[in-house]
Amino acid sequence: MRTGPFLRHENATNKMMKNLFFALLPILFFGFYKNGIAPFLKGYATIYGMIYPLLLVFVSVMTSYVSEYTFIRIIKKRGKEDTKREMKQSFWLFPGLFLSLIVPYNTPLFLIAIASFIASILGKMLYGGFGYNLFNPALIGCLFLLTFYGPQITSMGGYLNTEEIRVISGATPLSNVSLVEGIGSYDTLVKPYGTLFDFFLGTIPGAIGETSACLCIFAFLFLSYKRVIKWKIPTFYIGTVFLLTGIVGGMNGVGIWYPTFHILSGGLLFGAIFMATDPITSPITSIGQVLYAILLGILTVTFRYLSPLPEGVLTSILTMNLFVPILDKIGSSRGNASKKMAFPLLACFLLAIFVVQHIVGQYTQTETGDPNFTIVHEEEDGNKKIYIVTQKGNGGLIQSKLTVENGKVLSFQVLEEQETDAYYQMVLDANYVDLLLKNQDKIEEVDTVSGATISSKALKKTMINVLKEAGVLK
Amino acid sequence: MIGVSLKKKKEMSMQCFESYLQPEDVYLPITREDKILVKTGDLVKEGDILGRSMKYDLPIRSSISGRVQISSDASYIHIQNNGEEITYTKKKEKKNYTKEEILSLLKEAGICGMGGAGFPTYIKYSTKEKINTLIVNAVACEPYITSDYVCILKHTNMILDTISILMQTFAIKECVIAIKAKSPLLKEALLTRASAYKKIKVSEVPNLYPMGWERALVRYLKHTDYKNLPIEKGIVVNNVSTIYAIAEAIFYQKPLLDRIVTFSGENMKKPCNVKVKIGTKISTILEKIGVCSKSTLILGGPMMGRELDLEQDVILPSTTSVLALPSKEIEESPCIRCGKCTENCPSKISPILIRENKENEEVLKHLNPEACIACGICSYICPAKILVKEAVQEAKDRMRGRKK
């Protein structure tokens, strides 16, 4: 015999998904405007360049559709009608759409298609389809793309759109972080991109969906009001990152702009609001959600400071996806909430202290030397001293050979570099190495090559570091 | 405060009140353990004792006068109405009652909880604990149901006098009548009269379901929790219709023979509150009121009720309402793990995790399905329209069976 409830809440899965799509629309339009229309109007992009952001989204979404349809029809061997019905419940739009919003702008269309295929099939359908996947599908696709094609895409311009490639030095705010001295300063972190307000608006380099903080926050408010997303996750995630980077900044004597820079940079807001809240791959219980979010924050900070990954959001979320069952186990066990929370929270607290201490320790050491500079080989040849050194550039390490005699650098030869061709050509065109040699007495005053700041700065640093090593500079 | 806000739909049945006190037949359910004092062919009068229910030692009383027929499987006593009516007249009011007098009155009148649970009222009061607080539950937090409201509006004075007598007899310090916020009619009716009774307070509780749940009321009004029964904290909770039944027993010496039942819902042709005899077959009342075709018929509220059995179901003291709602096909889709069932569960358990592990007793031990009160919020709120409550109840039965 049927029992109650005989009433059902008007909310339904498809309504939630519709709202999620509505929340993404402004972000999508902004991405199209910023990366397509604006560069076109300013004459940086062709018509193809203008519609490229839309093409990227379209190819990604269509690949999702085709992959899922084919999977259901051929692998699961469903009839036409059944396939149609299953597709309706599969919400095929999202892996592809999310993926296209978080990948580098310069991802070639065939690569986004492969990544989207991976996202839908490997990230979702093989687990049993919508509702059963363990990891966030879009992030699986993105991880695949960045792991296997990351360097290739970076060499093609990475996250920079046609306009930024010419105007800005060549790095996104977060990849720039690893290039500056220590934890950086307002002048080195924020100024190259404008002000923090530009970060808020989203007129900075980054993936199509990720740059506009204000639209992400707007989407967060809308989706929380509509009860589509688990609001606790973004709140505690972003809060934790803000707090931890704030402490790191505070201990290095920088102001509140520093944690603000961190939460507005890269994919944190977008990731926290859209990817970490993916219902299927995040905890069900409130306590689970809070712990999940705090751990995400700690992990992201750890990745950003202590690993070669500048971003940290993607890897943090995929890592934490694995711990969802454990967190829900804590959240759903008997006993009152504060008792259940006490021990895990204490563990999070200790972990956070450990991480912050480690970061502060690492970044204070660097005040005595440049962490991006290494001497590979050093030999004496009469009065001459020959150094083979590496310096971190935009695309990797730049290896150079410098000869010093009587406190003067005689020759400066770049042996190996992996810089973006377009930028490095600008450095070569400017005869920058010669310029450095000529002006080595007042080396600090030599300007970098505009448009190729990071590559030229790396060469300048090489020179400075070698002069320091030789005892010429202090 | 955990709960959900539901569309109340109370106004539907508030305008109409009818009596249906002379049904042709009544059927009084009995069990094999009950001691039956009549036999087929006997002539009985309204209010006569037909037997005693052994479980709680309550009398089984005939709600109409007529000829007795005991069903062949001894599952009910059928009485064919001969039209003879008994009128109960108001007895002289007594100043003081002893506890024993009231307890025996409650027991012999066959009064039991009329809010849905049907627990004998005399047992609640025959406690060694000191009763400090009486909470009168007039919340009726499920949509459509207005029987309690009508009862208050019709009998405000008698209800307040009865509360007063109960408080005096059992030396109860305070009484809180809990009503839903934003029910101006009730509030006005109670407040204008309750002011004469110093120790009776009228409290508004939030418009949330399941606010009428005993535990939720005690939590909200007294900020305390109990293990099994509210009496552990010196609290007795009575439904307002139960109080009215007590009133009739005290002032008219009338046992519990009838009650007000809400007949409502979009598919009920004339939504109404009807005063009906206990044991009346529900289908005969529905024939009078009229029900649209393609209806889902529900016994009880839309949240905690069950599908009506037209053949079998009769009015019981615990029957609050009968609803006719438009039938709807509900298609289930995969769980998206949104966590809404967990977030909204008043018992603070995780329904969907219980569903996923309903076969796994080791895991279920930690998930505590026994705490489920079957409020149905999990199934109601689920965007994938999964029958979560059913699964939790299954797990609950499994764990209960294990203990035995």
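Given the structure is predicted, the values throughout are model-derived calculations rather than measurements. (Residues numbered from 1 in each chain as written. Chains lettered and ligands numbered in written order. Predicted model: local features only at pLDDT ≥ 70, side-chain atom pairs only at ≥ 80, totals over all residues. Heavy atoms only, no water.)

### Focus: the domain arrangement of chain A
All names here are of chain A. According to the domain assignment, chain A consists of domain 1 (11–160), domain 2 (169–205 + 229–368) and domain 3 (373–469). The centre of domain 1, based on its C-alpha atoms, is set 25 Å off from the matching centre of domain 2. At the interface, 24 residues of domain 1 touch 19 residues of domain 2. For the domain 1 face of the interface with domain 2, the top three residues by lost area are Asn136, Leu139 and Leu160, together amounting to 27%. Counting across the domain 1 and domain 2 interface gives zero salt bridges. Counting across the interface, domain 1 meets domain 2 through three residue pairs in polar contact (both at pLDDT 80 or more). (Domains from an automatic or database assignment. Contact = heavy atoms within 4.5 Å. Buried area = accessible area lost by both parts, 1.4 Å probe. Salt bridge = Lys/Arg side-chain N within 4 Å of Asp/Glu carboxyl O. Polar contact = N/O pair within 3.5 Å; in protein donor to acceptor, adjacent residues only side chain to side chain.)

### Considerations on the nonpolar core
With 107 residues, the main nonpolar core has Phe98, Tyr237, Phe270, Phe274, Met275 and Tyr292 of chain A as its most contacted residues. It is helix 15 (residues 286–306) of chain A that contributes the most residues to this core, eleven residues altogether. Not counting residues within four places of it along the chain, the set of residues in contact with phenylalanine 274 of chain A comprises Leu20, Ala23, Leu24, Ile27, Phe98, Ala219 and Leu223 of chain A. With 50 residues, the next largest nonpolar core counts Ile102, Ala138, Leu160 and Val240 of chain B among its residues. (Core = buried A, V, L, I, M, F, W, Y, C linked by side-chain atoms within 4.5 Å. Buried < 20%, exposed > 50% of the residue type's maximum accessible area, 1.4 Å probe, protein only. Helix = DSSP H or I, 4+ residues; strand = E, 2+ residues; numbered from the N terminus.)

### What to know about the interface of chain B and chain A
Listed per partner, the contact involves 40 residues of chain B and 29 residues of chain A. Carbon and sulfur atoms make up 58% of the area that chain B and chain A hide from each other, which totals about 3,300 Å². Among the residues chain B hides against chain A, the three largest losses belong to Ile336, Arg337 and Tyr380 of chain B. Together they make up 20% of the total. Where chain B meets chain A, there are one salt bridge. As a salt-bridge pair, glutamate 370 of chain B and arginine 334 of chain A come within 3.9 Å of each other at their nearest N and O atoms. Linking chain B to chain A there are 16 residue pairs in polar contact (both at pLDDT 80 or more). Looking at the side of chain B that touches chain A, the elements that each hand over two or more residues are strand 15 (295–299), strand 16 (306–307), helix 9 (340–344), helix 10 (351–356), helix 11 (361–367), helix 12 (377–381) and helix 13 (388–403) of chain B. Partitioning the side of chain B that touches chain A into residue classes produces 18 nonpolar, ten polar and twelve charged. (Nonpolar A, V, L, I, M, F, W, Y, C, P; charged D, E, K, R; others polar.)

### Quick notes on a nonpolar patch on the surface
Residue and element names in this part refer to chain A. A contiguous nonpolar surface patch, about 570 Å² in accessible area, is contributed by Tyr127, Tyr132, Leu134, Leu322, Phe323 and Ile326. Secondary-structure assignment places leucine 134 in the loop between helix 5 (109–122) and helix 6 (137–155). What makes leucine 134 partly exposed here is its relative accessible area of 34%. (Patch = residues over 30% accessible without salt bridge, like charges linked within 9 Å, V, L, I, M, F, W, Y side chains within 5 Å. Areas by Shrake-Rupley, 256 points an atom, 1.4 Å probe, with all protein chains shown as cover.)

### So, the domain arrangement of chain B
Frequently, the measure chosen for interface size is the accessible area removed from exposure when the parts meet. Residue and element names in this part refer to chain B. Here chain B is described as being made up of domain 1 (24–84), domain 2 (99–252) and domain 3 (340–403). With centres defined by C-alpha atoms, the gap from domain 1 to domain 2 works out at 29 Å. Each partner contributes to the interface: domain 1 provides seven residues, whereas domain 2 provides eight residues. Of the roughly 620 Å² buried at the junction of domain 1 and domain 2 (both faces included), carbon and sulfur atoms supply 55%. On inspection of domain 1 and its partner domain 2, the count reaches two salt bridges. For glutamate 108, the salt bridge goes to arginine 52, with nearest N and O atoms at 3.0 Å. Where domain 1 touches domain 2, the interface holds four residue pairs in polar contact (both at pLDDT 80 or more). Secondary structure elements with two or more residues in the side of domain 1 that touches domain 2: strand 5 (49–53) and strand 6 (58–61). With three residues, strand 6 is the single largest residue contributor to the side of domain 1 that touches domain 2.

### Observations concerning unusual backbone geometry
Looking along the chain, the bond that leaves glycine 4 of chain A and enters proline 5 of chain A is cis, with omega of 0°. As for its position among the elements, proline 5 of chain A is in the segment before helix 1 (13–41). Looking along the chain, the bond that leaves tyrosine 209 of chain B and enters proline 210 of chain B is cis, with omega of 5°. The topology assignment puts proline 210 of chain B in the loop between strand 11 (200–205) and helix 6 (214–222).

### Considerations on the packing of aromatic side chains
Taken as a whole and assessed by the stated rule, the structure comprises 20 aromatic pairs over all chains. Ring geometry for phenylalanine 144 of chain A against phenylalanine 148 of chain A: centres 5.3 Å apart, planes inclined by 50°, an arrangement best described as tilted. You can see phenylalanine 144 of chain A and its partner phenylalanine 148 of chain A sitting in helix 6, four residues apart, about one turn around the helix. Its relative accessible area of 57% is what places phenylalanine 148 of chain A among the exposed residues. Three or more aromatic residues joined by ring pairs form one cluster here, namely Phe94, Phe98, Phe270 and Phe274 of chain A. We note lysine 90 of chain B situated over the ring of phenylalanine 251 of chain B; from NZ or CZ to the ring centre the distance is 5.5 Å. (Phe/Tyr/Trp six-rings, centres within 6.5 Å; stacked < 30°, edge-to-face > 60°. Lys NZ or Arg CZ within 6 Å of the ring centre and 35° of its normal.)

### Comments concerning helix 12 (residues 232–251) of chain A
In a regular helix each residue adds 1.5 Å, so 20 residues correspond to 28 Å; helix 12 of chain A covers 28 Å between its end C-alpha atoms and thus fits that length. In the segment just after helix 12 of chain A, glycine 253 of chain A is the residue with positive phi, at about 75°. (Expected span 1.5 Å × (residues − 1).)

### Let's talk about the environment of threonine 420 of chain A
Residues and elements named next belong to chain A. Relative to the helices and strands, threonine 420 resides in the loop between strand 4 (408–416) and helix 19 (421–429). Separated by 25 residues in the primary sequence, threonine 420 and glycine 395 have C-alpha atoms spaced 6.4 Å apart. If near-sequence neighbours (up to four positions away) are discounted, threonine 420 is found in contact with Thr154, Ser155 and Asn394.

### A short note on the packing of helix 2 (residues 47–75) of chain A against helix 4 (residues 93–102) of chain A
Residues and elements named next belong to chain A. Interhelical geometry of helix 2 versus helix 4 gives an angle of 150° and a closest axis separation of 8 Å. With respect to helix 4, the axis of helix 2 lies roughly antiparallel. Seen along the crossing, helix 2 lies across helix 4 with a hand that is right-handed. Contacts between helix 2 and helix 4 involve Leu56, Val57, Ser60, Val61, Ser64 and Glu68 from the former and Leu93, Pro95, Gly96, Leu97, Leu99 and Ser100 from the latter. The residue inventory of the contact of helix 2 with helix 4, partitioned by class, reads seven nonpolar, four polar and one charged. (Axes fitted to C-alpha atoms, helices over the stretch in contact; angles between N-to-C directions. Parallel < 35°, antiparallel > 145°, perpendicular 65-115°, else oblique. Left-handed = near helix turned anticlockwise from the far one by under 90°.)

### A few points about the pairing of strand 12 (residues 235–239) of chain B
Along any regular strand the residues' side chains alternate between the sheet's two faces. Residues and elements named next belong to chain B. Judged by how many residues are buried, strand 12 sits mostly within the fold: five of five residues are covered. Burial of the side chains of strand 12 extends over both faces: Ile235, Val237 and Asn239 are buried on one face and Val236 and Asn238 on the other. With five bridges joining them, strand 9 (residues 133–138) and strand 12 adopt parallel strand pairing. Bridge pairing in strand 12 links threonine 133 to isoleucine 235. (Pairing = 2+ DSSP bridges.)

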